[in-house]
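# Analysis of the macromolecular model
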Amino acid sequence: MKNVVIVGRPNVGKSSLFNKLIGKRKAIIHPSPGMTRDLISFQFKGWQLIDSGGIDFGTEEFSELIRNQVFYAIEEADLVIFIIDGKEGVTPIDKEISKILRKKNKKVFLVFNKIDAKSAQDFYYEIFSLGFKDIFKVSSEHNLGIEELKSSIEKELKISPEEIQEEKILRIAILGKPNVGKSSLLNSLIGKQKVLTSPIPGTTRDSIDMEVKYYGKKFIFIDTAGQRRETKIKDQQEFLSVSRGREALLSADIVLFLLDASTPITNQDREIGFEIEKNYKGFVFLANKVDLINLEKREEFKKKLYEAFPYFDYVPIIFISALKKYNIPKIWKYIIEIQNSLNYRIPTGLLNRTFREFILKYPLKDRKFYYITQPETNPPTFVLVSNKTEKPKQSFIKFLKSEMRKIYPFKGVPIKILLKKR
Ligand code: GDP
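What comes next concerns the included structure. (Residues numbered from 1 in each chain as written. Predicted model: local features only at pLDDT ≥ 70, side-chain atom pairs only at ≥ 80, totals over all residues. Heavy atoms only, no water.)

A word on the overall build of the protein chain. Looking only at helices and strands, the protein chain features 13 helices and 17 strands. Counting across all 422 residues of the protein chain, residues that qualify as buried make up 52%. Of the contacts made within the protein chain by residues no fewer than 6 positions apart, 72% connect residues no fewer than 24 positions apart. Summed over its atoms, the accessible surface of the protein chain is roughly 20,900 Å², and 51% of this surface lies on carbon and sulfur atoms. (Helix = DSSP H or I, 4+ residues; strand = E, 2+ residues; numbered from the N terminus. Buried < 20%, exposed > 50% of the residue type's maximum accessible area, 1.4 Å probe, protein only. Contact = heavy atoms within 4.5 Å. Areas by Shrake-Rupley, 256 points an atom, 1.4 Å probe, with all protein chains shown as cover.)

See below:
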């Protein structure tokens, strides 16, 4: 995955250029406590675009941390998009940034934004003085030059076929105990859409894959037990004894874990939750049948749910009614968000920088850490390299995961941490 980082002083139009480049798609936003602005990224085939949030010099609100993030983002960049404001021309800060970029010896595309502004022409010659060869004149606001910029980026990156890897279609399984509303939910999610179905190779003949589209994007719903069929298997056994349920879980990327908000949480719910956790799946809690309960009961259910699943405090909950089609678009929104999170790869430099800060907060006397890497996504997997083979304390791993969740967008996604001795 190659990185393209957008930098520039505040208000030059970084966010709007970012938004124009990704089109109407949804970006990952990293909510970071104590940061003036979030680091935002979006994944294309083989590369990700990162909006650094801005380089600033000398203002006090600008914390050391975000400055470092920007520097690290540049460090990791295969290409830097450096924006200059066509209304203001080249400022001293722009000159500072240019200096840093030249020192880092990075490939830079200089983007002269807001060329629709009257003053832009007057400044055009100034930007040559910065010494960058590739200059693009755009107007994010008026959508001028965006497509050219994007195709030049892709040309420059020379993404290899392996990097592109035909985008994998996300597989979704709806799991929950019998009568919780799985079939109703599937019908509500799919609506009147005609679905392409095919048997899942190597599974029970009752299981079928259903390919559906949402805003042009393909998804596969794994039908766990003839959920879409008119007459359902009557005496559906418990989830865990139904091999189809397990097969669906194993081959899914995301699980919609359905619960009945109108009745108490049962052991069967707990078992399903346990299986999801054990298999490191991205998931969301869907509390169904809210049409049967009042607001107070909802809150109560939510409290009970997180009590029953204390290790799932990072998993969002959505109250829905499969029958009344309440909050169905919200489910789609989360599916896409979890998909982005599952596939998110943290640039190595940034990861190590933040990791060093974590271990300062929770020093371990019994070992020395050398570095951390993220060899895999879906689920995001990290390898901690230290001078010990034994696992560190469980509380340390827990702390680490929770700190990572504060900075990186791993909502509804399990984090795997492995250890390696050097
Ligand atoms: P499955 O066994 O999990 O596939 O559950 P079904 O989808 O067959 O639903 C079981 C029963 O719950 C049916 O009678 C549905 O009409 C009912 N049901 C499903 N969703 C809702 C809902 O949101 N509200 C209410 N009141 N009933 C629902």
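Right, let's get into the pairing of strand β7 (residues 134–137). Side-chain direction in a regular strand flips from residue to residue, so the side chains alternate between the two faces of the sheet. Bridging between strand β6 (residues 108–113) and β7 involves 4 bridges; their strand directions are parallel. By the bridge assignment, V111 is partnered in β7 with F136. Note on the crossover from β6 through helix α4 (residues 120–128) to β7: the handedness is right-handed. (Pairing = 2+ DSSP bridges. Right-handed = clockwise from strand over helix to strand, strands pointing away.)

Take the environment of L175 next. You can see L175 is positioned in strand β8 (residues 170–175). Placed 80 residues apart in sequence, L175 and V255 show a C-alpha to C-alpha distance of 6.8 Å.

Compared with an ideal rise of 1.5 Å per residue, which puts 14 residues at 20 Å, helix α12 (residues 348–361) spans 20 Å between its outermost C-alpha atoms and is within 8% of the ideal. Within α12, burial applies to G349, L350, L351, N352, T354, F355 and F358. (Expected span 1.5 Å × (residues − 1).)

Here we come to the site of the ligand. The full set close to the ligand counts 16 residues, and N179, K182, S183, S184 and D291 are the nearest of them. Here an oxygen atom of the ligand sits 2.6 Å away from a polar atom, N or O, in the side chain of S184. L323 has a polar backbone atom sitting 3.2 Å from an oxygen atom of the ligand. Among the elements that line the shell around the ligand, the one with the most residues is helix α7 (residues 182–190), at 3 residues. (Near = heavy atom within 4 Å. Polar contact = N/O pair within 3.5 Å; in protein donor to acceptor, adjacent residues only side chain to side chain.)

Turning next to unusual backbone geometry. Glycine aside, negative phi is the norm for most residues, and most peptide bonds take the trans geometry. Between N378 and the following residue, P379, the backbone shows a cis peptide bond with an omega angle of -5°. Phi is positive for K114, close to 65°, though the residue is something other than glycine. Of note, K114 is situated in the loop between β6 and α4. The backbone phi angle of K158 is positive, close to 45°, even though this residue is not glycine. Along the chain, the position of K158 falls in the loop between α5 (146–157) and α6 (161–164).

Take the nonpolar core next. Membership of the largest hydrophobic core comes to 51 residues, with the highest contact counts inside it found for L185, F221, L256 and I331. Look past the residues within four positions of I331 in its chain and what remains in contact with it is L185, L189, L256, L286, I318 and I320. Core analysis: the next-biggest nonpolar cluster, separate from the first, contains 27 residues, V255, F257, L305 and V315 among them. (Core = buried A, V, L, I, M, F, W, Y, C linked by side-chain atoms within 4.5 Å.)

Tracing the backbone shows N113 in strand β6. A polar side-chain atom of N113 sits 3.1 Å from the main-chain amide nitrogen of S140. Discounting residues that sit within four places of it in the chain, N113 has contacts with V12, G13, I83, I84, D85, G86, V138, S139 and S140.

Now for the packing of aromatic side chains. Evaluation of the coordinates by the stated rule reveals 26 aromatic pairs. A centroid spacing of 5.6 Å and a plane angle of 35° characterise the contact between F285 and F309, whose relative ring orientation is tilted. Of this pair, F285 sits in strand β13 (residues 282–288) while F309 is found in the loop between α10 (295–308) and β14 (317–319), placing the two residues 24 residues apart along the sequence. F309 shares its class with F285; the two are buried. Note that R102 overlies the ring of F132, its terminal NZ or CZ placed 5.9 Å from the centroid. One Lys or Arg, K416, reaches over the ring of Y280 and ends 4.6 Å from the middle of that ring. (Phe/Tyr/Trp six-rings, centres within 6.5 Å; stacked < 30°, edge-to-face > 60°. Lys NZ or Arg CZ within 6 Å of the ring centre and 35° of its normal.)

What follows is about the side chain of K114. Looking at K114, its side chain comes within polar contact range of the side chain of D85, at 2.9 Å. Leaving out residues up to four positions away in the same chain, K114 has contacts with N11, V12, D85, G86, K87, A120, V138 and S139.

Here we take up the pairing of strand β17 (residues 416–421). One ladder, built from 6 bridges, connects strand β16 (residues 381–386) with β17; its direction is parallel. Bridge pairing links F382 to I417 in β17. One crossover worth recording links β16 to the parallel β17 by way of helix α13 (residues 394–407), and it is right-handed.

Following both chains from N to C, one finds α12 and α13 inclined at 130°, their axes separated by 11 Å at the closest point. Between α12 and α13, the angle is such that the two are oblique. Where α12 crosses over α13, the handedness of that crossing is right-handed. Two secondary-structure elements touch here, α12 through L351, T354, F355, F358, I359 and K361 and α13 through F396, F399, L400, E403, M404 and I407. Of the residues contributing to the contact of α12 with α13, the split by class is 9 nonpolar, 1 polar and 2 charged. (Axes fitted to C-alpha atoms, helices over the stretch in contact; angles between N-to-C directions. Parallel < 35°, antiparallel > 145°, perpendicular 65-115°, else oblique. Left-handed = near helix turned anticlockwise from the far one by under 90°. Nonpolar A, V, L, I, M, F, W, Y, C, P; charged D, E, K, R; others polar.)

Geometric descriptors of this kind do not, in isolation, establish any biological role.
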